[in-house]
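Structural description and commentary
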Amino acid sequence: MSFTLPNLPYAFDALEPHIDAQTMQIHHGKHHQAYVDNLNKAIDGTPNAGKSLDELVKAAATISPAVRNNGGGHWNHSFFWEILAPGAGGTPDGKLGEAIKGAFGSFDEFKDKFAAAGATRFGSGWAWLIVKDGQLAVSSTPNQDNPLMDVAEVKGTPILGVDVWEHAYYLKYQNRRPDYMKAVWNVINWKKVAEHYAKAGGK
């Protein structure tokens, strides 16, 4: 199986002014493409060549660092592009909105906890909203790990993930990761997050 770079579901400049076009071009076309290329090289001629991306990611403890890092990078970014959208943001409603209030007290309290998970992740990594045992939880992972991995400190099904590697924000926000985390709320596609929540069996 050979993996390919998915197309962005919107134009590079569609998330302006919150995420700039140049960052999107480099992030998608250079960084994500590199994860795809390096993943294909790492699995070529090995038993992992016939496995799906989900299968590779979930077996992170037993695969090589190259497959883990690049497979995680491909999975995480493919997921990330889909939960961003132009003209999005706002407040989630329906079952997801109620679940967030139930788990965190309020939407604002959830945003504060999620932002803290991203801002305090040392070095590079991701902030996540996951479904764990039917309940919502916030977590973070280092590098290109994610909560599906058997090595994750907090395991669960991701429904929202935000990239906090410097390549995701440095051109516009420099070292101001909290400013980037605040801006991202304006482009979160809550409809897609709600779809993930429903598929994950959230209660």
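None of these values were measured; they are calculated from a predicted model.

1. Things to note about the overall build of the protein
Per the secondary structure count, the protein includes eight helices and three strands. Counting from the amino terminus, the protein carries its helices and strands in the arrangement α-α-α-α-α-β-β-β-α-α-α. The C-alpha atoms of the protein give a radius of gyration of 16 Å, which matches the 17 Å a tight globule of 203 residues would have. Summarising its shape, the C-alpha atoms of the protein cover approximately 50 × 40 × 30 Å along the three principal directions. Burial analysis of the protein (203 residues in total) assigns 48% to the buried set. Of the contacts formed within the protein by residues at least 6 apart in sequence, a portion of 69% connects residues at least 24 apart. A total accessible area of about 9600 Å² is found for the protein, and carbon and sulfur atoms account for 50% of it. Computing the positive centroid from 20 side-chain charges and the negative centroid from 21, the protein places the two 3 Å apart.

2. A closer look at the sheet that holds strand 2 (residues 135-142)
Overall, antiparallel pairing links the three strands, which are arranged 2-1-3 in an open sheet. Of all the strands in the sheet, just strand 2 and strand 3 (157-163) have a single pairing partner and so form its edges. Sheet twist, expressed as the mean angle between neighbouring strand axes with direction ignored, is 20 degrees.

3. Quick word on the packing of aromatic side chains
Under the definition given, this model contains 16 aromatic pairs. With a centroid separation of 5.3 Å and an interplanar angle of 45 degrees, the aromatic rings of Phe 104 and Phe 110 are classed as tilted. Given the relative accessible area of 0%, Phe 110 is considered buried. Of the aromatic side chains, those joined through ring pairs into one cluster are Trp 75, Phe 79, Phe 80, Trp 81, Trp 126 and Trp 128. Lying over the aromatic face of Tyr 173, Lys 172 brings its terminal NZ or CZ to 5.7 Å of the ring centre.

Parameters and conventions
- Residues numbered from 1 in each chain as written.
- Predicted model: local features only at pLDDT ≥ 70, side-chain atom pairs only at ≥ 80, totals over all residues.
- Heavy atoms only, no water.
- Helix = DSSP H or I, 4+ residues; strand = E, 2+ residues; numbered from the N terminus.
- Rg over C-alpha atoms; globule rule 2.2 N^0.38 Å.
- Buried < 20%, exposed > 50% of the residue type's maximum accessible area, 1.4 Å probe, protein only.
- Contact = heavy atoms within 4.5 Å.
- Areas by Shrake-Rupley, 256 points an atom, 1.4 Å probe, with all protein chains shown as cover.
- Lys, Arg positive; Asp, Glu negative; His and termini not counted.
- Charge placed at Lys NZ, Arg CZ, Asp CG, Glu CD.
- Pairing = 2+ DSSP bridges.
- Axes fitted to C-alpha atoms, helices over the stretch in contact; angles between N-to-C directions.
- Phe/Tyr/Trp six-rings, centres within 6.5 Å; stacked < 30°, edge-to-face > 60°.
- Lys NZ or Arg CZ within 6 Å of the ring centre and 35° of its normal.

By themselves these figures say nothing about function.
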